[in-house]
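# Results of the structural survey
The chain contents come next:
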Amino acid sequence: MRALLLAAVIAPAAASSDLGAEALVFLDRLASTGYRGIFMAPLEVSILEPCTLDVMMNPLADRGFFMAMGGENVLDLSLVVEGNGWSVSDSFPDDFPVLELDAPLAATVRRMIVCATDMIHNADRDSVVVMYAVSVVDLPEPADDVPAEQDSTGVQ
């Protein structure tokens, strides 16, 4: 009986860590293609109860992928990405919604809203991982030296 109780307690934690490991593999793949700004937040959601995460986005973000990955009981997961005065949502029922945003939207993301809209096995809660991966525009580095043809007035 004790072993069964221990297995019941450990099973959700193991499922959550498997989901996190799967998400990390996906983020590593994106990082290897130039998406260096990466964020991942594991959480537990209840069916039909939206969960909002505030996002502190790098203002130099050029483009990116915004995603949510559902656990083993999540059948349909909705994802909404919002900025000031705009929102984009995934329109297909799936347990892994992905939104790709380009500049200037990627740099102005303020919130990600995830909601489990359907689950299997009569589940009412499950693990979800919310994540994004963005590429960042490099600013030109300021020159340390003054060109030889520039006079003291700064006119060339």
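Above: the structure in question.
Another point: the overall build of the chain. Within the chain one finds 1 helix and 8 strands. Reading the secondary structure of the chain in the N-to-C direction produces α-β-β-β-β-β-β-β-β. The buried share of the chain, taken over its 156 residues, is 35%. Sequence-distant contacts in the chain: of pairs separated by 6 or more residues, those separated by 24 or more amount to 79%. Carbon and sulfur atoms make up 56% of the accessible area of the chain, which totals about 9,700 Å².

Here we come to the nonpolar core. One finds Met 57, Phe 66, Val 81, Val 109, Met 112, Val 114 and Val 128 to be the most contacted residues of the largest nonpolar core, which totals 28 residues. Looking at this core element by element, the count peaks at 5 residues for strand β7 (residues 109–119). Sequence-distant contacts of Val 128, that is, excluding residues within four places in its chain, are made with Leu 19, Ala 41, Pro 42, Leu 43, Val 45, Ala 68, Met 69, Gly 70, Val 74, Leu 77 and Val 114. In this structure, Leu 19, Ala 23, Leu 30 and Met 131 belong to the second largest nonpolar core, which totals 11 residues.

In spatial order, the strands read β2-β7-β4-β5; together these 4 strands make up an open sheet with antiparallel pairing. One side of each edge strand has no neighbouring strand; the edge strands of this open sheet are β2 (51–54) and β5 (86–89). Within this sheet the neighbouring strands show an average axis-to-axis angle of 20°, counted without direction. Examined bridge by bridge, strand β4 (residues 74–83) and β7 share 9 bridges and lie antiparallel to one another. Residue pairing in the sheet places Asp 76 in a bridge with Asp 118 of β7.

Let us now look at the pairing of strand β6 (residues 98–102). Only one face of β6 is covered, namely the face carrying Leu 99 and Leu 101; the face carrying Val 98, Glu 100 and Asp 102 is uncovered. With 5 bridges connecting them, strand β3 (residues 61–70) and β6 associate as antiparallel partners. Counterpart to Phe 65 in the pairing with β6 is Glu 100.

Bringing a negative patch on the surface into the picture now. Side chains of Asp 18, Glu 22, Glu 72, Asp 94 and Asp 95 sit close together on the surface and give a patch of like negative charge. On the secondary structure map, Glu 72 appears in the loop between β3 and β4. Judged by relative accessible area, Glu 72 falls into the exposed class, the value being 63%.

With that settled, consider the side chain of Asn 73. Looking at the element boundaries, Asn 73 is found in the loop between β3 and β4. With residues up to four places along the chain from it excluded, the contact list for Asn 73 reads Asp 118, Met 119, Ile 120, His 121, Ala 123 and Asp 126.

The rules behind the values
- Residues numbered from 1 in each chain as written.
- Predicted model: local features only at pLDDT ≥ 70, side-chain atom pairs only at ≥ 80, totals over all residues.
- Heavy atoms only, no water.
- Helix = DSSP H or I, 4+ residues; strand = E, 2+ residues; numbered from the N terminus.
- Buried < 20%, exposed > 50% of the residue type's maximum accessible area, 1.4 Å probe, protein only.
- Contact = heavy atoms within 4.5 Å.
- Areas by Shrake-Rupley, 256 points an atom, 1.4 Å probe, with all protein chains shown as cover.
- Core = buried A, V, L, I, M, F, W, Y, C linked by side-chain atoms within 4.5 Å.
- Pairing = 2+ DSSP bridges.
- Axes fitted to C-alpha atoms, helices over the stretch in contact; angles between N-to-C directions.
- Patch = residues over 30% accessible without salt bridge, like charges linked within 9 Å, V, L, I, M, F, W, Y side chains within 5 Å.
- Salt bridge = Lys/Arg side-chain N within 4 Å of Asp/Glu carboxyl O.
- Lys, Arg positive; Asp, Glu negative; His and termini not counted.
- Charge placed at Lys NZ, Arg CZ, Asp CG, Glu CD.

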